[in-house]
Amino acid sequence: EAVARRPVLTEHAGIDGGAGKGGTGEVTKAAAMRVKAGKRDAFEGALEVLRELRRHRTRRDRIGYATYPRHPEFPNVDLSGAMKMMDGPPPLNQFWSPRKLVRYIRRSLEAEATFEILGGEDAVDNAETREAAYEACFARERLFGILPAPHDIFPKPWVVEHWEKDKEFARQFLCGVNPVMIEVVRDLGQLSDNMVGFFGRDRLRGLVNEKRLFFVSYDDLADLEVNPHKAYPLPTNEGARQDQELHFYAPIVALVLDEGRRELDVLGIQLERTPNARVYTRDNSGENEWLFAKTCVASADAQMHEWVSHLGRTHLAMEPHIIAIYNTLRKARHPLYALLRPLCKDTLLLNWVGRRSLVSYGPKAVGDYQLSVGVGQCVQLVEKMWKRYDFFGSGLPSELARRGFDEEFDMPGYLYRDDGMKLWNAYGEFVRDFVDEIYPTNEAVAIDEAIQVWAAEASDPSRGAIPGFPLAFEDKDTLARALHTLMWIPALHATVNNPQYDYYAYAPNRPLAMRASLGSLPEIDSDIRPWMFQSMLPHISSGDAWLKENTASGRDATLDVIKLFHNLTLSSEICVDNLAEHFGVIGKHAYAKFVQNLDQIGDQIEERNRQDQIAGKAIYPYLNPSLVSASIDI
C-alpha cells in the first residue's frame, strides 16, 4: 500500500523548484546509496528480530512475568513497582503475520526512497533559513517543479500554518495528540500560589464558579532529577560525546473558556517551580518570548504524552492483561477468547521490540537522543503512573470525571470526549450482549472456573499484579465491565498514536526535545525566534556527521522523527468494524448489531469533519471506528 488510509491534518506544501542541489531534481549517487542503506537497515533489522525469536523458539503454553530492571544511568532507582512484562521474547504465535511484516518494511522503504527521489534532504540543506528547513521536509505538489508528485508520503501537516496561534495551542489540549491531561479547575488549590497571586483570587474564583477555568500541570516531570539530560548518556554509550544536552520544564498552564463557551484560550504559563516563578502571558511577554514559553509547554507535554499517555497507559498497561489471557482463557479455548483474541493481537511483539529500540537500556536508544527526559527517567514516569493506576478507573467515563469532565459538563470542541463516549457506549452495549449470549445467569459466571483462574492470575501481586482488577467474577455485570474496560485500552491507543505524524512531524509544534533553556534565552525579543530555530529545537541540517550516524535513520533528529512517525501510523487491518471472522458463531448477532452502531458513529464523525474542513478548521478523525484498531498493533 503506497499510503496508509489514515486521513491526516495536511495541506500540500506548494513548494516549487528543483529537488536537488543544482535544481535538476536528479537522484544523486549519494542519494541512491542512502536508499540502498535504508533498505539494508530495514531488512537487517527485521532479520535480527527473526534471528532472536528463532534462538528462543519454543511452543510456550505459558508466558512468565518479569519486573523492569534498574536502568544503568539510575542504578539506585528501583523500578519494580512498574507494571509486569514478559520474561523474554514472545511466543512465535505472537509474531506479526508475513503480510504485516512486508507491509511495514515496504512502508519504511517507500518513505526512504520517496524522500530521496523528491530530494527531501537536499531541500532541507538548501533552505534559506533554519526555520524554512523545518518546513522543507514535506512533500511538494510538483516533482522538479513540473510533474505532479507521485506520492504524498510526507504531507505537510495542518499545524505548520497554525501552530503559533494561541487558540490552536489551547485546542490541542482538547483535540491534539494528548487530550488526556487537561483538567477543570474546581478549587484554586489546584493552581500554584504564583498563578493565584498573579491573576487575583477573586477573578479566578469567578471563572471557577462559571466553570470556565482549566489547567494542565506537569507535576511528575518536576520530580525527575537529571535536567538537562544527555542525549547519549555515558553509562549506556561508552565514549560518546557529552555535548548534547536536552532540557525540559515542568510547567503549569491556565486556560480559559470564553464567555460564550465557544473557544478555549491560554490564560498564563508558569515554566519553573520556584517560589517566585514568573507567570508568562501574551500581554506581559514579547511576541517571541511568549512563543518560547508555549513551545516549552508543548515539549513538556510531549514527554508526558510519549512516555505516559502512549507507552505507559496503552502499550505497557495492556501487556500483563495479554499475558494473563494467554495463560488462561486462550489455553482453555474459552468462548470469551473470541472477543479477547483480537484485542491481544501483535502487542507483545511490539513491546518486546520497543524495549530493544525505542526504550532500550543500551547504546543509541531512540528515547535517549530524541526525548528530553531520556529512557531511564521515562520508566520512572511510567512507574509513577502505574502506582496510581486503577483498572476500572482507567475507563473513559471515570477518567474524564476524575479530570472534572463528567457527562453534564458543558465543554464545546472536546472531540476526544465526544467521539470517545460514543465509542465507549457502543463498546458497552456490545460486551453486554456478548456476555448475555454466553452466560444466562450470574450463577453461570460465578461457577465458570476458567474465568476465575483468569481473574486470579491478572490480580495476583506475584503474577499480573494489575491494580483494581477483580479478584473473581461473581456476576455478569462485573465481567462485562472488565471486558468493556479492556476494549477501551486499544481505543485510547488510537487516540494517542494515530495523530502523531500530524502533530510531531513539524517539530516546532511539539518538539520532543529542547537543546536550550531559559539560561541562554536572548535578551532582545527579536533575537529569540531565530535562536529557537537555530539552537533550541531538535537538530535539522546540523552538518554534524557524528550526530547523524547515531540516529536510527542516519539523519538529523527531526528527519529521523518524521520517518519514525510515518511508520508508526501504519493503518491497522483489524479495526473494530472489521472483525466479523472472529464472531462466526459465538457473538455473531451481538457483533452484527455492534457494527451497525459503529457505522452510525463513523458517519457522524465523517460528516462533522467534512463540515469542519470546509470551514477551514482542523479535523478530528482518530476515533472513527474504521480507523480504531481492535488491538495495540503498531
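Everything below is about the structure printed above this text.
Keep in mind the model is a prediction, meaning the values are calculated, not measured. (Residues numbered from 1 in each chain as written. Predicted model: local features only at pLDDT ≥ 70, side-chain atom pairs only at ≥ 80, totals over all residues. Heavy atoms only, no water.)

Turning our attention to the overall build of the protein. Along the backbone of the protein there are 23 helices and 11 strands. Out of the 634 residues in the protein, the part that is buried amounts to 62%. Here the protein displays about 25,500 Å² of accessible surface, and carbon together with sulfur accounts for 50% of that area. (Helix = DSSP H or I, 4+ residues; strand = E, 2+ residues; numbered from the N terminus. Buried < 20%, exposed > 50% of the residue type's maximum accessible area, 1.4 Å probe, protein only. Areas by Shrake-Rupley, 256 points an atom, 1.4 Å probe, with all protein chains shown as cover.)

Right, let's talk about the packing of helix α15 (residues 415–438) against helix α18 (residues 476–497) for a bit. Helix-helix packing is characterised by the crossing angle of the two axes and by the distance between the axes. Put simply, α15 and α18 touch, their axes get as near as 9 Å, and they point 145 degrees apart. At the point where α15 passes α18, the crossing takes the right-handed sense. For the pair α15 and α18, the contacting residues are Y416, G420, L423, W424, Y427, G428, F430, V431, R432, V435 and D436 in the first and K476, L479, A480, L483, H484, T485, M487, W488, A491, L492 and T495 in the second. (Axes fitted to C-alpha atoms, helices over the stretch in contact; angles between N-to-C directions. Left-handed = near helix turned anticlockwise from the far one by under 90°. Contact = heavy atoms within 4.5 Å.)

The subject of this paragraph is the packing of aromatic side chains. Applying the stated criterion across every chain yields a total of 31 aromatic pairs. Taking the centre distance of 5.1 Å and the plane angle of 75 degrees together, the rings of Y232 and W546 count as edge-to-face. In this pair, Y232 sits in the loop between β7 (229–230) and β8 (245–246) while W546 sits in helix α21 (residues 545–549), placing the two residues 314 residues apart along the sequence. Looking at Y232, the relative accessible area reads 4%, which means it is buried. Judged by relative accessible area, which is 23%, W546 ranks as partly exposed. Among the aromatic residues, ring-to-ring pairing joins Y427, F430, F434, F583, Y591 and F594 into one connected group. Taking NZ or CZ as reference, R481 lies 3.9 Å from the ring centre of F392, over its face. (Phe/Tyr/Trp six-rings, centres within 6.5 Å; stacked < 30°, edge-to-face > 60°. Lys NZ or Arg CZ within 6 Å of the ring centre and 35° of its normal.)

Tracing the backbone shows L188 in the loop between β5 (183–184) and α6 (193–199). The residues touching L188, leaving out its near neighbours within four places in the chain, are V196, R201, L204, R205 and V208.

Take the environment of H310 next. Within the secondary structure, H310 is located in helix α9 (residues 287–330). Taking the C-alpha atoms as reference points, H310 and N497, separated by 187 residues in sequence, lie 6.8 Å from one another. Non-local contacts of H310, meaning those with residues more than four positions away in its chain, are made with H305, H315, H493, V496, N497 and Q500. Only 3.2 Å separates the side chain of H310 from the side chain of E306, close enough to count as a polar contact. (Polar contact = N/O pair within 3.5 Å; in protein donor to acceptor, adjacent residues only side chain to side chain.)

Let us now look at the nonpolar core. Within the largest apolar cluster, 183 residues are counted, with the highest numbers of intra-cluster contacts made by L340 and W454. It is α9 that provides the largest number of residues to this core, a total of 21 residues. With near-sequence residues (within four places) excluded, W454 lies in contact with A324, I325, T328, L329, L336, L340, F469, F473, L479, L483 and L486. Core analysis: the second largest hydrophobic core is formed by 16 residues, F199, L204, I252 and A254 among them. (Core = buried A, V, L, I, M, F, W, Y, C linked by side-chain atoms within 4.5 Å.)

A volume near 890 Å³ is recorded for the second largest pocket. Elements that contribute at least two residues to the lining of the second largest pocket include exactly α9 and α10 (337–344). Top element by residues in the lining of the second largest pocket is α10. It accounts for five residues. In terms of residue class, the lining of the second largest pocket is built from 13 nonpolar, seven polar and 11 charged. (1 Å grid on protein atoms, 1.4 Å probe; cavity = no way out; pocket = protein on both sides within 12 Å on 5 of 7 lines; lining within 4 Å. Points joined across faces, edges and corners; volume = space filled by probe spheres on them. Nonpolar A, V, L, I, M, F, W, Y, C, P; charged D, E, K, R; others polar.)

So, about the environment of M487. Here M487 shows up in helix α18. Residue M487 is classed as buried on the basis of its relative accessible area, which comes to 6%. Taking the C-alpha atoms as reference, M487 lies 10.0 Å from C344; in sequence the two are 143 residues apart. Ignoring any residue separated from it by four or fewer positions in sequence, one finds M487 in contact with L339, L343, Y427, F430, V431 and F594.

Looking now at helix α20 (residues 525–536). Residues that lie three or four places apart on an α-helix share one face, since the helix turns once every 3.6 residues. For α20, the full list of buried residues reads I528, R529, W531, M532, F533 and M536. In this fold, the buried residues of α20 make contact with α4 (130–135) and α9.

Here we come to helix α7 (residues 201–209). Listing the buried residues of α7 in full gives L204, L207 and V208. Along the axis of α7, the buried positions cluster into a sector of 105 degrees, meaning they face one direction only. Opposite the packed face of α7, turned more than 90 degrees from it, sit the exposed residues D202 and N209. Elements in contact with the buried residues of α7: α6, β6 (213–217), β9 (252–257) and β10 (264–270). Two residues or fewer past α7, K211 is found with a positive phi of approximately 55 degrees. (Arc of directions from axis to C-beta.)

Moving on to the sheet that holds β9. Reading across the sheet, the five strands line up as β5-β6-β9-β10-β11 and stay open at both edges, with antiparallel pairing between neighbours. The open sheet terminates on both sides in strands that have one partner only, identified here as β5 and β11 (279–280). Pairing of β9 with β10, which is carried by six bridges, proceeds in the antiparallel orientation. Counted as the bridge partner of V253 is I269 from β10. Strands in contact with α9 are β9, β10 and β11; relative to β10, the strand with the most contacts, it is inclined by about 90 degrees. (Pairing = 2+ DSSP bridges.)

Looking now at the packing of α9 against α18. The contact between α9 and α18 brings their axes to 10 Å, and the two run at 150 degrees. For the element pair α9 / α18, the angle class is roughly antiparallel. Note that α9 runs across α18; the crossing there is left-handed. In contact with H305, S309, H310, R313, T314, H315, M318, H321 and I325 of α9, α18 contributes L486, I489, L492, H493, V496 and N497. The residue inventory of the contact of α9 with α18, partitioned by class, reads six nonpolar, eight polar and one charged. (Parallel < 35°, antiparallel > 145°, perpendicular 65-115°, else oblique.)

With omega at 10 degrees, the peptide bond leading from N227 into P228 counts as cis. You can see P228 is positioned in the loop between α8 (219–222) and β7. Residue D346 is not a glycine yet carries a positive backbone phi of 75 degrees. A residue is classified by how much of its surface remains accessible, and D346, at 3% relative accessible area, is buried. Residue K364 is not a glycine yet carries a positive backbone phi of 55 degrees. Mapped onto the elements, K364 comes out in the loop between α11 (347–354) and α12 (366–370). Relative accessible area serves as the criterion here: at 44%, K364 is assigned to the partly exposed category.

Note that all results are geometric; they support no functional claim without further evidence.
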